[in-house]
Amino acid sequence: MRILVTGGAGFIGSNFIRYFLHRYPETTLINVDLLTYAGNLANTEGLTAYAGYRFLHADINDRKKLEPYFAAGLDAVINFAAESHVDRSIDAPLVFAETNINGTLNLLTLAQCHGVKRFLQISTDEVYGALGPEDCFTEESPLAPNSPYAASKAGADLLAMAFFKTYGLPVLITRCSNNYGPYQFPEKLIPLAIINAIRDEPIPLYGDGLQVRDWIHVDDHCRALERVLLNGRPGTVYNIGARCERTNLEVVRTILELLGKPEHLIRFVADRPGHDRRYGVAVGKIRRGLGWEAQIDFQAGLAQTVDWYLKQQKWWEAILSGEYNNYYQRNYGYRLAEKEDKDR
Ligand code: NAD
Ligand code: TYD
């Protein structure tokens, strides 16, 4: 199998590559990543031990750099690459359109030109918007994104499905709920709360802290993606979630308990503009169709994650100090200067 994975130096992409190469070590796997502030080669440590693993430093918008890899023939493309943080999308939305929409469109056109056999678009439950206290998102729920991030992901989903309908490109779309686990960049709630708690620093909770997310361990997500990639029906959307709804306050309290830290570290701060109150995902389709179900209990998964961050202090200290990658700040976001590209 020859597959091209984008965004494989990020959180979920790196976990997926590690999982997949462990299961299918004969795979030729090209990891295309721009190494933005969220991409980190430390996340891919050890993967070079696999003979078929290659890293390509490139933007998913860079047609010239990517074309030879598509022309050589690909069994699958898995598109993880994205700007992924809602708060950043509120502050600086343009790059979200550039990567999440234009970048995906570029990959879709390349895939269509070169007859890629499966195109797996990694999407999010956030494309459905926000829920009240009841009900869950199904694959039939209307797209009603609220943040620029969610809107850019919904745009990518619509383009991907248009390529299935118009050109017959075998597109599959997964919409997963909030992930947690090793290698998550410390701007997201769980790693931020763990690291701040370890350092005895305040943990900001937006608004009343009673917003609800459906938390899934990244390993469960990776197992679901394997099923969809290998057995999913083209032209289909699959929701992925763990039916594990928790308020943000509950999550942070659990982290503090696990670390033996006091509750007074919690600081209620101004709410996020347009903050979605609740996400909850119905997963009957992937359970019935592909026999997948989340297996990792939240308390156990969170304890394992806390333990990982305790042991991997060097990893996150390097990120916090900007040692691995600080050009995001220097270049106002995302473009890697030609010079840096050559130096790297
Ligand atoms: P992340 O921010 O940790 O990683 C994103 C990766 O994409 C980074 O390695 C970054 O360098 C790379 N990238 C960004 N722009 C690029 C570009 N133009 N060209 C090439 N590479 C680029 O994100 P994540 O949390 O691992 O999320 C991965 C995917 O899963 C995203 O598409 C996201 O929308 C989706 N998703 C995430 C979650 C979650 O809870 N984190 C939930 C559901 C879906
Ligand atoms: P986040 O991890 O940014 O994921 P998403 O916005 O994609 O759901 O946030 C998860 C929840 O935690 C969300 O309701 C916002 C909230 N949150 C805080 O209360 N404080 C924080 O510092 C962060 C980063 C998030």
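A short tour of the structure in this document, coming up. (Residues numbered from 1 in each chain as written. Chains lettered and ligands numbered in written order. Predicted model: local features only at pLDDT ≥ 70, side-chain atom pairs only at ≥ 80, totals over all residues. Heavy atoms only, no water.)

**Notes on the overall build of the chain**
Inference 1: Within the chain, the regular secondary structure consists of 13 helices and 13 strands.
Inference 2: The C-alpha radius of gyration computed for the chain amounts to 19 Å, which stays within 12% of the reference 20 Å derived for 344 residues, consistent with globular compactness.
Inference 3: Dimensions of the chain, computed from the C-alpha atoms along their principal axes, are close to 55 × 50 × 35 Å.
Inference 4: Counting across all 344 residues of the chain, residues that qualify as buried make up 55%.
Inference 5: Expressed as a percentage of contacts within the chain between residues at least 6 apart in sequence, the contacts between residues at least 24 apart total 82%.
Inference 6: Only carbon and sulfur atoms are counted for the fraction: they give 51% of the accessible area of the chain, which is about 14500 Å².
Inference 7: In the chain, the 37 positive side-chain charges and the 41 negative ones have mean positions that sit 4 Å from each other. (Helix = DSSP H or I, 4+ residues; strand = E, 2+ residues; numbered from the N terminus. Rg over C-alpha atoms; globule rule 2.2 N^0.38 Å. Buried < 20%, exposed > 50% of the residue type's maximum accessible area, 1.4 Å probe, protein only. Contact = heavy atoms within 4.5 Å. Areas by Shrake-Rupley, 256 points an atom, 1.4 Å probe, with all protein chains shown as cover. Lys, Arg positive; Asp, Glu negative; His and termini not counted. Charge placed at Lys NZ, Arg CZ, Asp CG, Glu CD.)

**Structural notes on the site of ligand 1**
Inference 1: What surrounds ligand 1 is a group of 28 residues, the closest being I12, D33, S84, Y149 and K153.
Inference 2: Separating an oxygen atom of ligand 1 from a backbone N or O atom of I12 is a distance of 2.8 Å.
Inference 3: One of the side-chain N or O atoms of Y149 is found 2.6 Å from an oxygen atom in ligand 1.
Inference 4: Contributions of two or more residues to the shell around ligand 1 are made by helix 1 (11-23), strand 5 (118-124) and helix 5 (148-167).
Inference 5: The greatest single-element share of the shell around ligand 1, amounting to three residues, is contributed by strand 5.
Inference 6: Residue composition of the shell around ligand 1, by class: 14 nonpolar, eleven polar and three charged. (Near = heavy atom within 4 Å. Polar contact = N/O pair within 3.5 Å; in protein donor to acceptor, adjacent residues only side chain to side chain. Nonpolar A, V, L, I, M, F, W, Y, C, P; charged D, E, K, R; others polar.)

**Describing the pairing of strand 8 (residues 203-206)**
Inference 1: Going residue by residue along strand 8, you find I203 and L205 tucked away on one face and P204 and Y206 left uncovered on the opposite face.
Inference 2: For strand 8 and strand 13 (residues 266-269), the ladder comprises four bridges, and the chain directions are parallel. Across the sheet, residue P204 finds its bridge partner in strand 13, namely R267. (Pairing = 2+ DSSP bridges.)

**Regarding the packing of aromatic side chains**
Inference 1: For the structure on display, the rule yields 14 aromatic pairs.
Inference 2: Taking the centre distance of 6.0 Å and the plane angle of 85° together, the rings of Y183 and W315 count as edge-to-face. Here Y183, found in the loop between strand 7 (179-180) and helix 6 (189-198), pairs with W315, found in helix 11 (residues 313-321); they are 132 residues apart in sequence, far enough to count as distant. With respect to burial, Y183 and W315 carry one shared label: buried. (Phe/Tyr/Trp six-rings, centres within 6.5 Å; stacked < 30°, edge-to-face > 60°.)

**Side note on the site of ligand 2**
Inference 1: The environment of ligand 2 is formed by 17 residues, the closest being E126, P204, R213, R272 and H275.
Inference 2: With respect to ligand 2, the side chain of N178 contributes an N or O atom lying 2.9 Å from an oxygen atom.
Inference 3: Within the side chain of R272, a nitrogen or oxygen atom sits 2.5 Å from an oxygen atom of ligand 2.
Inference 4: Protein contact buries 96% of the 510 Å² of open area that ligand 2 shows by itself.
Inference 5: Broken down by secondary-structure element, the contributors of at least two residues to the shell around ligand 2 are helix 6 and strand 8.
Inference 6: Considering each element in turn, the shell around ligand 2 owes the most residues, three residues, to strand 8.

**A few points about unusual backbone geometry**
For residues that are not glycine, phi is negative in most cases, and the peptide bond is trans in most cases.
Inference 1: Positive phi, close to 55°, is recorded for L35, a residue that is not glycine.
Inference 2: Residue position: L35 is located in the loop between strand 2 (28-33) and strand 3 (53-57).

**Remarks on the sheet that holds strand 2**
Inference 1: With parallel pairing, seven strands are arranged side by side in an open sheet as 3-2-1-4-5-6-11. At either margin of the open sheet sits one strand with a lone partner, and together these are strand 3 and strand 11 (236-240). For this sheet the average axis-to-axis angle between neighbouring strands, irrespective of direction, equals 20°.
Inference 2: Across four bridges, strand 1 (residues 2-6) lies against strand 4 (residues 76-79) in parallel orientation. Its bridge partner lying in strand 4, I3 is registered against A76. (Axes fitted to C-alpha atoms, helices over the stretch in contact; angles between N-to-C directions.)

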